[in-house]
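Architecture at a glance
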Amino acid sequence: MISAIYKIQGMSCGGCERSVELAVMKVPGVTEAKADAKLGTLRLSYASGEVTPEVVASAVNASGYKFVG
Ligand SMILES: [Cu+2]
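Presented here is a report on the structure given in the accompanying data block. Just so it is clear, the structure is predicted and the values come from calculations on it, not from any experiment.

Calculation notes
- Residues numbered from 1 in each chain as written.
- Predicted model: local features only at pLDDT ≥ 70, side-chain atom pairs only at ≥ 80, totals over all residues.
- Pairing = 2+ DSSP bridges.
- Helix = DSSP H or I, 4+ residues; strand = E, 2+ residues; numbered from the N terminus.
- Contact = placed C-beta atoms within 7 Å.
- Axes fitted to C-alpha atoms, helices over the stretch in contact; angles between N-to-C directions.
- Parallel < 35°, antiparallel > 145°, perpendicular 65-115°, else oblique.
- Left-handed = near helix turned anticlockwise from the far one by under 90°.
- Expected span 1.5 Å × (residues − 1).
- Buried ≥ 20, exposed ≤ 12 C-beta atoms within 10 Å, placed from the backbone.
- Arc of directions from axis to C-beta.
- Core = buried A, V, L, I, M, F, W, Y, C linked by C-beta atoms within 7 Å.

Comments concerning the sheet that holds strand 4 (residues 66-67)
Strand order in the open sheet made by the 4 strands is 2-3-1-4, with antiparallel pairing throughout. Lying at the two open borders of the sheet, with one neighbouring strand each, are strand 2 (30-36) and strand 4. Where strand 1 (residues 2-9) meets strand 4, 2 bridges bridge the pair, whose relative direction is antiparallel. Pairing of isoleucine 8 across the sheet is with phenylalanine 67, part of strand 4. Across the sheet, helix 1 (residues 14-25) lies against strand 1, strand 2 and strand 3 (41-46), angled at about 160 degrees from strand 2, the strand it touches most.

A look at the packing of helix 1 against helix 2 (residues 53-62)
What describes two packed helices is the angle between their axes and the distance between those same axes. In the contact formed by helix 1 and helix 2, the axes pass within 9 Å of each other and the chain directions differ by 135 degrees. Taken together, helix 1 and helix 2 sit at an angle that is classed as oblique. Seen along the crossing, helix 1 lies across helix 2 with a hand that is right-handed. Of the residues in helix 2, those touching helix 1 at Val20, Ala23 and Val24 are Val56, Ala59, Val60 and Ala62.

A look at helix 1
With 12 residues, helix 1 extends 16 Å between its outermost C-alpha atoms, agreeing within 8% with the 16 Å of an ideal straight helix rising 1.5 Å per residue. Every buried residue of helix 1 is listed here: Glu17, Val20, Ala23 and Val24. The buried side chains of helix 1 occupy one side of the element, clustering within an arc of 135 degrees when seen end-on. Seen from the open side of helix 1, the exposed residues pointing more than 90 degrees away from its buried face are Gly14 and Gly15. Buried-residue contacts for helix 1 involve strand 1, strand 2, strand 3 and helix 2.

Some points on the nonpolar core
Grouped together as the largest cluster of nonpolar side chains are 17 residues, with contacts concentrated most on Ile8, Val20, Val24, Leu42, Leu44, Val56 and Val60. Secondary-structure elements contributing two or more residues to this core are helix 1, strand 2, strand 3 and helix 2. For valine 60, the contacting residues outside a window of four places in its chain are Ile8, Val20, Ala23, Val24, Tyr65 and Phe67.

Some points on the environment of valine 56
Looking at where valine 56 falls in the secondary structure, it is placed in helix 2. Taking the C-alpha atoms as reference, valine 56 lies 9.6 Å from methionine 25; in sequence the two are 31 residues apart. What valine 56 contacts, discounting residues up to four positions off in sequence, is Tyr6, Val24, Val27, Leu44, Val51 and Phe67.

Fair warning: the whole summary comes from geometry, so function is off the table for now.
See the structure below:
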């Protein structure tokens with residue numbers, strides 16, 4: 001299992017955190033997602049090799065927030 005932390009812009013409350021988490025949990029291979037609106041971060045756990053930053057970025061951006069990297 002791999003963990004990664006990404007920067008996300010646009011989250012302002014717990015509802016935003018939940019939206020981002022739900023969006024990225026739909027990405028195949030992602031097993032855990034924890035967003036933090038205050039810090040503007042998204043922490044992911046996923047199986048090796050299955051998840052790329054590009055796919056995570058698409059899911060985040062499609063949910064209405066901005067993937068920074
Ligand atoms: Cu919100």
